[in-house]
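Notes for the structure review
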Amino acid sequence: EKESSRRKLVEISNRKENINKKPFGSTAIGRKRRVGIGNNNKSIKNAQTIKHKSEKQITYSLPLTITEEVKLCLQDVSKGDILSCVATTGLQSAFLYKSGKWAATGKILKEKLKKHKKARYISLGTGGRYFIRLKSGRIIWDGPNSMKKYLEGNLGIRCVAFGGNKDTFVVVYSDGSWKFEGSEIPPDLKEFLRSKGDCHDVSCVTMGPSGEWFLQVESGDIHLGGVSKKFENLCDTSIGKDRKTPHFVDFGKHGTFVITYK
């Protein structure tokens, strides 16, 4: 009987592991297209929405332990200041404003932003990776050595995305072209980028630590992969009479995220 019970427990455990190993889906959200359904069943907890100037909004799901700190970071949104850049890993988040102000959670991140003043763009990755572009155009970053060659040259850098593994990243340039490298580029993101060929119209890419990704092209259309149906519903939500399309999405650990809307 003991052996039989042990086998049942092992079978149940294996079933749970298989549930968590579902493949990621990929969907596209055009300005006039309906959101599809992803396959990753991450839960969304404590999603909160804060009104932004001119009815713009930010929706986020971040750890309860930093909820009050995040609310303080977003006080200027309620006062009318406009967010120009957002980045998160979950426990660490950065909020840059058009006025030049900034706010952040996490001691190390705060120290970086205090040291490197006038940040105009920031991207965060797990394992201490980051990319910061200052008002002067100077860049400060920490990531794999293989990324260095992609940051040198005459082309300006629009954005940098860090993937789940330390060697994984995407760099998008000012002309809409891109380069990527690493062992954990989500397959559907890789396929999408390769399918574009010489059509250089990418404006933004972000990646999460568990295969999530977000991509926006210059036309305004956005594409998502590795996200749950619940998350897609947030991205396709109607606020009042008007449908709001996400302007930017970033992903952190354990299903955390930040969405800003147009």
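A brief report on the enclosed structure follows. In this text, all values refer to a predicted model and were calculated from it rather than measured experimentally.

It is worth spelling out the overall build of the protein at this point. Check the secondary structure of the protein and you find seven helices and 19 strands. Considering only contacts in the protein between residues 6 or more positions apart, those separated by 24 or more positions represent 46%. Surface accessibility of the protein: about 14300 Å² in total, with carbon and sulfur atoms responsible for 48%.

Quick look at the nonpolar core now. The biggest cluster of nonpolar side chains holds 40 residues, and the ones touching the most others in it are Leu113, Ile122, Val160, Val171, Leu189, Val205 and Leu215. Residues contacting valine 171, with those up to four places away along its chain left out, are Met147, Tyr150, Leu151, Ile157, Cys159, Val160, Ser177, Trp178 and Lys179. Counting residues in hydrophobic clusters, the runner-up holds 28 residues, among them Val70, Cys73, Cys204 and Tyr261.

A side chain with one charge may pair with a side chain of the opposite charge, provided their charged atoms come close. For the structure on display, the rule yields five salt bridges. Note that aspartate 76 and lysine 101 form a salt bridge whose closest N and O atoms lie 4.0 Å from each other. Placement of aspartate 76 in helix H3 (residues 75–78) and of lysine 101 in the loop between strand S5 (93–97) and strand S6 (102–105) is noted, with a sequence separation of 25 residues between them. A relative accessible area of 18% means that aspartate 76 is categorised as buried.

Volume-wise, the largest pocket comes out at about 510 Å³. Together, 22 residues line the largest pocket, and Leu83, Ser84, Cys85, His247 and Phe248 are the ones closest to its centre. Broken down by secondary-structure element, the contributors of at least two residues to the lining of the largest pocket are strand S4 (83–88), strand S7 (119–124), strand S10 (157–162), strand S13 (202–207), strand S18 (246–251) and strand S19 (257–261). Counted by class, the lining of the largest pocket contains nine nonpolar, seven polar and six charged residues.

Okay, the packing of aromatic side chains next. For the structure shown, the criterion picks out six aromatic pairs. The rings of Phe231, Phe251 and Phe257 are connected pair by pair, giving a single aromatic cluster.

So, on to the state of the cysteines. This structure, assessed with the given rule, holds zero disulfides. Between cysteine 85, a free cysteine, and cysteine 204, which holds the nearest cysteine sulfur, the sulfur-to-sulfur gap is 8.6 Å.

Let's shift gears to the sheet that holds S6. For sheets, the rule is that strands pair by backbone hydrogen bonds, running either parallel or antiparallel. The strand order S4-S5-S6 describes an open sheet built from three strands, whose pairing is antiparallel. What marks the edges here is a single partner per strand, and that holds for S4 and S6. Averaged over all adjacent pairs, the angle separating strand axes in this sheet is 5°, with direction ignored. Sheet topology note: the S4/S5 ladder contains five bridges and is antiparallel. Each residue of the ladder has a partner; that of alanine 87, found in S5, is alanine 94. Of the strands in this sheet, S5 and S6 touch helix H4 (residues 107–115), which is tilted by about 155° from S6.

Below, the discussion takes up the environment of phenylalanine 131. Tracing the backbone shows phenylalanine 131 in strand S8 (residues 130–134). Along the chain, phenylalanine 131 and glycine 143 lie 12 residues apart, while their C-alpha atoms are 8.1 Å from each other. Each residue touching phenylalanine 131, except ones within four places of it in the same chain, is listed here: Tyr121, Ile122, Ser123, Ile139, Ile140, Trp141, Leu151, Ile157, Val160 and Phe162.

So, on to the sheet that holds S7. Reading across from one edge, S7-S8-S9 is the order of the three strands in this open sheet, with antiparallel pairing throughout. Unpaired on one side and paired on the other, S7 and strand S9 (139–142) mark the two borders of the sheet. Strand-to-strand twist of the sheet, defined as the mean angle between neighbouring strand axes without regard to direction, takes the value 5°. Pairing geometry for S8 and S9, over four bridges, is antiparallel.

Moving on, we come to empty space enclosed by the protein. Considering all chains together, one arrives at three cavities of 30 Å³ or more under this definition. Considering only enclosed or pocket space, the second largest cavity measures out at about 60 Å³ in volume. What lines the second largest cavity is a set of 13 residues, and nearest its centre among them are Ser123, Leu124, Val160, Thr206 and Asp250. Those elements that place two or more of their residues in the lining of the second largest cavity are S4, S7, S10, S13 and S18. Ranked by residues supplied to the lining of the second largest cavity, first place goes to S7 with four residues. Split into classes, the residues belonging to the lining of the second largest cavity amount to 10 nonpolar, two polar and one charged.

Reading the values: rules and limits
Residues numbered from 1 in each chain as written. Predicted model: local features only at pLDDT ≥ 70, side-chain atom pairs only at ≥ 80, totals over all residues. Heavy atoms only, no water. Helix = DSSP H or I, 4+ residues; strand = E, 2+ residues; numbered from the N terminus. Contact = heavy atoms within 4.5 Å. Areas by Shrake-Rupley, 256 points an atom, 1.4 Å probe, with all protein chains shown as cover. Core = buried A, V, L, I, M, F, W, Y, C linked by side-chain atoms within 4.5 Å. Buried < 20%, exposed > 50% of the residue type's maximum accessible area, 1.4 Å probe, protein only. Salt bridge = Lys/Arg side-chain N within 4 Å of Asp/Glu carboxyl O. 1 Å grid on protein atoms, 1.4 Å probe; cavity = no way out; pocket = protein on both sides within 12 Å on 5 of 7 lines; lining within 4 Å. Points joined across faces, edges and corners; volume = space filled by probe spheres on them. Nonpolar A, V, L, I, M, F, W, Y, C, P; charged D, E, K, R; others polar. Phe/Tyr/Trp six-rings, centres within 6.5 Å; stacked < 30°, edge-to-face > 60°. Disulfide = S-S within 2.5 Å. Pairing = 2+ DSSP bridges. Axes fitted to C-alpha atoms, helices over the stretch in contact; angles between N-to-C directions.

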